[in-house]
Amino acid sequence: DQQVKQNSPSLSVQEGRISILNCDYTNSMFDYFLWYKKYPAEGPTFLISISSIKDKNEDGRFTVFLNKSAKHLSLHIVPSQPGDSAVYFCAATAYSNAGGTSYGKLTFGQGTILTVHP
Amino acid sequence: DSGVTQTPKHLITATGQRVTLRCSPRSGDLSVYWYQQSLDQGLQFLIQYYNGEERAKGNILERFSAQQFPDLHSELNLSSLELGDSALYFCASSVDPKDTQYFGPGTRLTVL
């Protein structure tokens, strides 16, 4: 049972345009969501996160939107740059629902390969 | 550089063998997590430690075990290795379980 899904295996975007990466989840206990970027032969790098009490969080060129009713989140990158080309993972966790103890276990999507063309 | 270090970077071994993967968390981080990334399963949570104590277990096989030492570094022990254990193993750390996790560069395990 895949609780976090990234349905687009890949996305190709022109430099300067917007990249939109999507993620869906099924577990209503998830209350914190994160995006990680991963280059080949490196570990995932934290990008941006959002709590379920918010619907938007911005950090420079990166904005994450959360639609709780649809159990959907998206990452917007504006403007896209060739250096953004990487695999992007959506992750979710249930900080406040872990029986009083915050476990912090992350459940990851399968990832989306973003290619930004010059 | 996330500040999380993992050794070795690459490990090649044979079926039936036992290996130990090592992780040093970022300075000040008390929580350590282990994840496995295989081609067909994506990134899967294995186990979490907080200040030396096991906090949560995921899809970790009984052949696998881990511990966190008093100096907060952690080791993941994989025994009776099978071909299917070939994967990237990542360690992550955070100040506490509610904090953002920062990942190490990973150990690539190849079982022949």
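Since we're looking at a predicted model, the values are computed, not measured.

Trainee: Explain the overall build of chain A to me, and be specific about the residues and the numbers.
Mentor: When you go through chain A residue by residue, the secondary structure sums to 0 helices and 11 strands. Ordering the α and β elements of chain A from the N terminus gives β-β-β-β-β-β-β-β-β-β-β. Relative to a compact globule of 118 residues, whose C-alpha radius of gyration would be 13 Å, chain A shows 14 Å and is just as compact. For chain A, the spread of C-alpha atoms along the principal axes amounts to about 50 × 30 × 25 Å. Sequence separation of 24 or more characterises 57% of the internal contacts of chain A that already satisfy a separation of 6 or more. When the accessible surface of chain A is split by element, carbon and sulfur atoms take 49% of a total near 5,600 Å².

Trainee: I'd like a description of the interface of chain B and chain A, backed by residues and values.
Mentor: If you look at the interface, chain B gives 23 residues, while chain A gives 18 residues. When chain B packs against chain A, the two sides together hide about 1,700 Å² of surface, and 59% of this comes from carbon and sulfur. Broken down residue by residue, the surface that chain B buries against chain A is led by Leu43, Lys98 and Phe103 of chain B, which jointly contribute 31%. Put simply, chain B and chain A have 0 salt bridges between them. The interface formed by chain B and chain A includes 2 residue pairs in polar contact (both at pLDDT 80 or more). Its residues assigned to classes, the side of chain B that touches chain A comprises 11 nonpolar, 7 polar and 5 charged.

Trainee: Got a sec to walk through the pattern of salt bridges? Specific residues and values, please.
Mentor: All names here are of chain B. Considering all chains together, one arrives at 5 salt bridges over all chains under this definition. Residue aspartate 85 is joined to arginine 63 by a salt bridge in which the shortest nitrogen-to-oxygen separation is 2.8 Å. Within this pair, whereas aspartate 85 is found in the loop between β8 (74-78) and β9 (87-94), its partner arginine 63 is found in the loop between β6 (53-57) and β7 (64-68), the two being separated by 22 residues in sequence. By relative accessible area, which is 3% here, aspartate 85 ends up buried.

Trainee: So what about the packing of aromatic side chains? Which residues, and what values?
Mentor: Summed over the entire model, instances satisfying the criterion amount to 13 aromatic pairs over all chains. Centroid distance phenylalanine 89 of chain A to phenylalanine 108 of chain A: 6.2 Å. Interplanar angle 90°. Geometry classified as edge-to-face. Linking phenylalanine 89 of chain A in strand β9 (residues 86-93) with phenylalanine 108 of chain A in strand β10 (residues 107-108), this pair joins segments that are 19 residues apart in sequence. Residue phenylalanine 89 of chain A is classed as buried on the basis of its relative accessible area of 2%. Seen in terms of ring centroids, phenylalanine 64 of chain B and tyrosine 89 of chain B are 6.4 Å apart; in terms of plane orientation they differ by 70°. Their pairing is edge-to-face. Of this pair, phenylalanine 64 of chain B sits in strand β7 while tyrosine 89 of chain B sits in strand β9, and the two are 25 residues apart along the sequence. We note that phenylalanine 64 of chain B, like tyrosine 89 of chain B, is buried. The rings of Tyr36, Phe46, Phe89 and Phe108 of chain A together with Tyr35, Phe45, Phe90, Tyr102 and Phe103 of chain B are connected pair by pair, giving a single aromatic cluster.

Trainee: Any details on the side chain of threonine 100 of chain B? Residues and values, ideally.
Mentor: Within the fold, threonine 100 of chain B resides in the loop between β9 and β10 (102-103). A relative accessible area of 10% means that threonine 100 of chain B is categorised as buried. Non-local contacts of threonine 100 of chain B, meaning those with residues more than four positions away in its chain, are made with Leu34, Tyr36 and Phe46 of chain A together with Ser93 and Ser94 of chain B.

Trainee: So, unusual backbone geometry: which residues are in play, and what are the values?
Mentor: For the bond running from valine 78 of chain A to proline 79 of chain A, omega is -10°, close enough to zero to count as cis. For proline 79 of chain A, the location among the structural elements is in the loop between β8 (72-77) and β9. With omega at -10°, the peptide bond leading from threonine 7 of chain B into proline 8 of chain B counts as cis. Within the secondary structure, proline 8 of chain B is located in the loop between β1 (5-7) and β2 (10-13). Located in the positive-phi region is asparagine 51 of chain B, a residue other than glycine, with phi close to 50°. Relative to the helices and strands, asparagine 51 of chain B is located in the loop between β5 (42-50) and β6. With relative accessibility at 47%, the residue asparagine 51 of chain B sits in the partly exposed group. With a phi close to 45°, serine 80 of chain B is a non-glycine residue in the positive phi region.

Trainee: Let's hear about the nonpolar core: which residues, and what values?
Mentor: One finds Phe33, Trp35, Leu73, Leu75 and Tyr88 of chain A to be the most contacted residues of the largest nonpolar core, which totals 23 residues. For this core, the elements supplying multiple residues, two or more each, are β3 (19-25), β4 (32-38), β5 (45-51), β7 (62-67), β8, β9 and β11 (112-117) of chain A. Sort the elements by how many residues they give to this core and β9 of chain A lands first, with 4 residues. Sequence-distant contacts of phenylalanine 33 of chain A, defined by excluding residues within four places in its chain, comprise Tyr25, Ile48, Ser49, Ile50, Ser52, Leu66, Leu73, Ala91 and Ala92 of chain A. Leu11, Leu46, Phe64 and Leu81 of chain B belong to the second-largest nonpolar core, a separate cluster that totals 21 residues.

Basis of the calculations
- Residues numbered from 1 in each chain as written.
- Chains lettered and ligands numbered in written order.
- Predicted model: local features only at pLDDT ≥ 70, side-chain atom pairs only at ≥ 80, totals over all residues.
- Heavy atoms only, no water.
- Helix = DSSP H or I, 4+ residues; strand = E, 2+ residues; numbered from the N terminus.
- Rg over C-alpha atoms; globule rule 2.2 N^0.38 Å.
- Contact = heavy atoms within 4.5 Å.
- Areas by Shrake-Rupley, 256 points an atom, 1.4 Å probe, with all protein chains shown as cover.
- Buried area = accessible area lost by both parts, 1.4 Å probe.
- Salt bridge = Lys/Arg side-chain N within 4 Å of Asp/Glu carboxyl O.
- Polar contact = N/O pair within 3.5 Å; in protein donor to acceptor, adjacent residues only side chain to side chain.
- Nonpolar A, V, L, I, M, F, W, Y, C, P; charged D, E, K, R; others polar.
- Buried < 20%, exposed > 50% of the residue type's maximum accessible area, 1.4 Å probe, protein only.
- Phe/Tyr/Trp six-rings, centres within 6.5 Å; stacked < 30°, edge-to-face > 60°.
- Core = buried A, V, L, I, M, F, W, Y, C linked by side-chain atoms within 4.5 Å.

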